[in-house]
Amino acid sequence: MQQISQRLADLVARGRDVVVLTGAGMSAESGVATFRGAGGLWENEPVERVATPEGFAHDPLRVWRFYEARRQQIAGVAPHAGHRALADYAARHPGIVTVTQNIDGLHQAAGVEEVIELHGSLMRVRCTRDGGAREDRRVPFPALPPRCDCGAMLRPDVVWFGEALPEAAFARAHDASRRAALFLVIGTSALVYPAAGLPAVASAAGAWVVEINPEPTPISDQVDEVLRGPAGAILPALLGAVPTPDR
Ligand code: OAD
């Protein structure tokens, strides 16, 4: 890994008031496609057709086929060394707050007990009649679109474009960002708000903001430190190699 600043090394070793924000790039090395860039999900599927309430109202089967394919994909993937390094670090420093835009559950699969999911979860469904949401890990569903026990159609319990983020989850993420001493932004193109605004919230409150991404993003110039490279290599080097201070 490239040289890191003394400040980053100290903050990692201290392990207090650390917030981690992840995006699709965090899961790339597990074999989950990102959204943007070459081969990204939005290259083959128009966002407005499969990730908006209007798209779902127009053609729920198309939307469900898209999410069913993604459910099948994630049923066969596993966390990588970067997920494990984060989980291990969070276990050693219990106050760490993990915030993700990902809906694949890989942080939880790696052992992070509490994850703030800003965009919902692929393995949850919501009744279109009463809004009740619950976990549903059936892969594949017996029929598409899947139905609730009440007979109404189910929808994925994910956030689509044009929809509000889950209020309590975003409030917790925002609050943690305002209290952060170290804020790690990992594998996100930092284009989709309000999640993309959290690094600036942390920065304004005095956090040291570090981007981990092989490519530049719109916030690269605004963060305090950039570690260029894949999460699977950088996180074990950054978090694993730093000794935990005596407590
Ligand atoms: P994107 O697909 O927009 O961006 C993925 C980012 O990951 C890019 O900046 C890549 O350079 C980076 N990346 C790729 N491989 C990486 C690796 N091995 N390690 C670290 N970084 C890597 O994904 P998001 O930023 O998560 O929302 O997208 C944000 C939101 O837009 C998603 O949650 C989704 C999407 O549309 C909804 O569906 C509401």
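Structure shown above.
Attention shifts here to the overall build of the chain. Regarding its fold elements, the chain presents 11 helices and nine strands. For 247 residues, the compact-globule estimate of 2.2 N^0.38 gives 18 Å, and the C-alpha radius of gyration of the chain, at 18 Å, lies within 12% of that figure. Once the C-alpha set of the chain is aligned to its principal axes, its extents read approximately 55 × 35 × 30 Å. Looking at the chain as a whole, 51% of its 247 residues are labelled buried. Put simply, 69% of the contacts in the chain that link residues at least 6 apart link residues at least 24 apart. Computing the positive centroid from 24 side-chain charges and the negative centroid from 28, the chain places the two 4 Å apart.

As a further point, take the sheet that holds strand β5 (residues 133-135). Across the sheet, which stays open at both edges, the three strands sit in the order β5-β4-β6 with antiparallel pairing between neighbours. At either margin of the open sheet sits one strand with a lone partner, and together these are β5 and β6 (154-158). Neighbouring strand axes in the sheet, compared pairwise and without regard to direction, differ in orientation by 45° on average. Relative to β5, strand β4 (residues 120-127) runs antiparallel, the two being bridged by three bridges. Looking at β5, one finds that R124 is bridged to E135. Seen against the sheet, helix α6 (residues 60-75) touches β4 and β6 and runs at an angle of roughly 135° to β4.

To continue, consider the layout of surface pockets. Size it by volume and the largest pocket reaches roughly 890 Å³. Lining the largest pocket we find 50 residues, and of these G23, A24, F35, R36 and S189 sit closest to its centre. When residues of the lining of the largest pocket are traced back to their parent elements, those giving at least two are α2 (25-28) and α6. Per-class residue counts for the lining of the largest pocket are 28 nonpolar, 16 polar and six charged. Three or more residues apiece are contributed to the lining of the largest pocket by two domains, here domain 1 (1-32 + 78-119 + 165-247) and domain 2 (34-76 + 122-158). In this model, the second largest pocket occupies a volume close to 290 Å³. Forming the walls of the second largest pocket are 16 residues, and the residues nearest its centre are P94, I96, V97, T98 and E114. Mapped by element, the contributors of at least two residues to the lining of the second largest pocket are α7 (81-92), β2 (97-100) and α9 (167-178). Along the lines of polarity and charge, the residues of the lining of the second largest pocket split into nine nonpolar, three polar and four charged.

This part takes up the site of the ligand. Contacts to the ligand come from 22 residues, most closely from A24, F35, R36, T188 and S189. Within the side chain of E29, one N or O atom sits 2.8 Å away from a nitrogen atom of the ligand. For the ligand, an oxygen atom lies 2.6 Å from a polar atom in the side chain of R36. The protein chains hide 90% of the 790 Å² of surface that the ligand would expose on its own. Counting atoms within 2 Å of the grid points, the majority share of the ligand lands in the largest pocket. Of the residues that constitute the shell around the ligand, the class distribution is 10 nonpolar, nine polar and three charged.

Take the nonpolar core next. For soluble globular proteins, the rule of thumb is that nonpolar side chains tend to be buried together. Of all hydrophobic cores here, the largest spans 25 residues; its most connected members are W64, Y67 and W160. Listing elements by their share of this core, those giving two or more residues are α3 (41-44), α6, β4 and β6. Top contributing element to this core by residue count: α6, with five residues. Two domains each provide a minimum of three residues to this core, namely domain 1 (1-32 + 78-119 + 165-247) and domain 2 (34-76 + 122-158). When residues no more than four places from it in sequence are discounted, the contact partners of W64 are F56, R71, V125, F141, L144, P145, P146, L154, R155 and P156.

Attention shifts here to the pattern of salt bridges. The full count for this structure, using the stated rule, is 13 salt bridges. Residue R172 pairs with E114 through a salt bridge whose shortest N-O separation is 2.5 Å. Separated by 58 residues along the polypeptide, R172 in helix α9 and E114 in the loop between α8 (106-110) and β3 (115-117) bring together distant segments of the chain. Each member of the salt-bridge network shares a partner with another, and the members are R124, R126 and D157.

Analysis parameters
- Residues numbered from 1 in each chain as written.
- Predicted model: local features only at pLDDT ≥ 70, side-chain atom pairs only at ≥ 80, totals over all residues.
- Heavy atoms only, no water.
- Helix = DSSP H or I, 4+ residues; strand = E, 2+ residues; numbered from the N terminus.
- Rg over C-alpha atoms; globule rule 2.2 N^0.38 Å.
- Buried < 20%, exposed > 50% of the residue type's maximum accessible area, 1.4 Å probe, protein only.
- Contact = heavy atoms within 4.5 Å.
- Lys, Arg positive; Asp, Glu negative; His and termini not counted.
- Charge placed at Lys NZ, Arg CZ, Asp CG, Glu CD.
- Pairing = 2+ DSSP bridges.
- Axes fitted to C-alpha atoms, helices over the stretch in contact; angles between N-to-C directions.
- 1 Å grid on protein atoms, 1.4 Å probe; cavity = no way out; pocket = protein on both sides within 12 Å on 5 of 7 lines; lining within 4 Å.
- Points joined across faces, edges and corners; volume = space filled by probe spheres on them.
- Nonpolar A, V, L, I, M, F, W, Y, C, P; charged D, E, K, R; others polar.
- Domains from an automatic or database assignment.
- Near = heavy atom within 4 Å.
- Polar contact = N/O pair within 3.5 Å; in protein donor to acceptor, adjacent residues only side chain to side chain.
- Areas by Shrake-Rupley, 256 points an atom, 1.4 Å probe, with all protein chains shown as cover.
- Sits in = over half its atoms within 2 Å of the grid points.
- Core = buried A, V, L, I, M, F, W, Y, C linked by side-chain atoms within 4.5 Å.
- Salt bridge = Lys/Arg side-chain N within 4 Å of Asp/Glu carboxyl O.

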